[in-house]
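Topology and contacts: notes
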Amino acid sequence: MLRSEPDHLVVACADLEQGAAWAVETLGAEPQPGGKHAAMGTHNRLLKLGPRVYLELLAIDPQAAPPAHPRWFALDDPAVQARAARSPFLLTWVASTADIVEAVTRVPALGEPREFTRNAYVWRLTVTEDGALPFGGVLPAAIEWGGAHPCDALEDRGCALVELRLSHPAATSVLPLYRELRIAGPVQLRPGPKSLSAVLRTPRGEVELRDA
């Protein structure tokens, strides 16, 4: 039976140095090196939030050739870039599933599953054709890992995901999609203005990350 649960939070950054400094100041934890995504022209740093949950600091890689297609997670959007230039922010989230094909069949709005690799990691992730975030990032991308998971190599630096709090004016349309994906875990979706927030337990106490 299909089941989905939080896999990682995507925090958009102007660059990884900015993101790492923000993480230390805001969360009291130094993120670990991630890697490059040649197919998308991005790179990242990571922070463990649980046995199989992490925070991804994601930025456009200035040393990478621009891809011939839109980057994932709306990173080409000028509004996203302008917001990240001011400060890193919670952009969207990703839900893990054991059967991404079934997930896309149930919820076509996820986009198409594409295969990616980074060092020892292999995964399939849904990406929309134009790179946009479905329902402004309230509907997660779906990911299916092909073996190793990044959390296997990440140190516990005292951070944990407590809850995802999401709202959207079309929540009555999004909730059935959550049910189709059978999203489990600490995720709340309510009607209201579009917003994403993640409550984390950190060395600095309980911290809420937001999309604005």
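This text goes with the structure placed above it.
A short tour of the structure in this document, coming up. (Residues numbered from 1 in each chain as written. Predicted model: local features only at pLDDT ≥ 70, side-chain atom pairs only at ≥ 80, totals over all residues. Heavy atoms only, no water.)

1. Some remarks on the pattern of salt bridges
Going through the model one piece at a time under the given rule, you end up with 11 salt bridges. A salt bridge links Asp61 to Lys36; the nearest nitrogen and oxygen atoms lie 2.7 Å apart. Placement of the pair is Asp61 in the loop between strand S4 (53-60) and helix H2 (78-86) and Lys36 in strand S2 (residues 32-37), with a sequence separation of 25 residues. Classification of Asp61 by relative accessible area gives buried; the value is 4%. The class of Lys36 is partly exposed, set by a relative accessible area of 47%. With a closest N to O distance of 3.2 Å, Arg210 and Glu208 form a salt bridge. What makes Arg210 partly exposed here is its relative accessible area of 38%. Taking relative accessible area as the criterion, Glu208 reaches 40% and is therefore assigned partly exposed. Three or more residues are tied together by salt bridges with common partners; here these are Glu102, Arg106 and Glu180. (Salt bridge = Lys/Arg side-chain N within 4 Å of Asp/Glu carboxyl O. Helix = DSSP H or I, 4+ residues; strand = E, 2+ residues; numbered from the N terminus. Buried < 20%, exposed > 50% of the residue type's maximum accessible area, 1.4 Å probe, protein only.)

The values reported here are purely geometric and, on their own, carry no functional implication.
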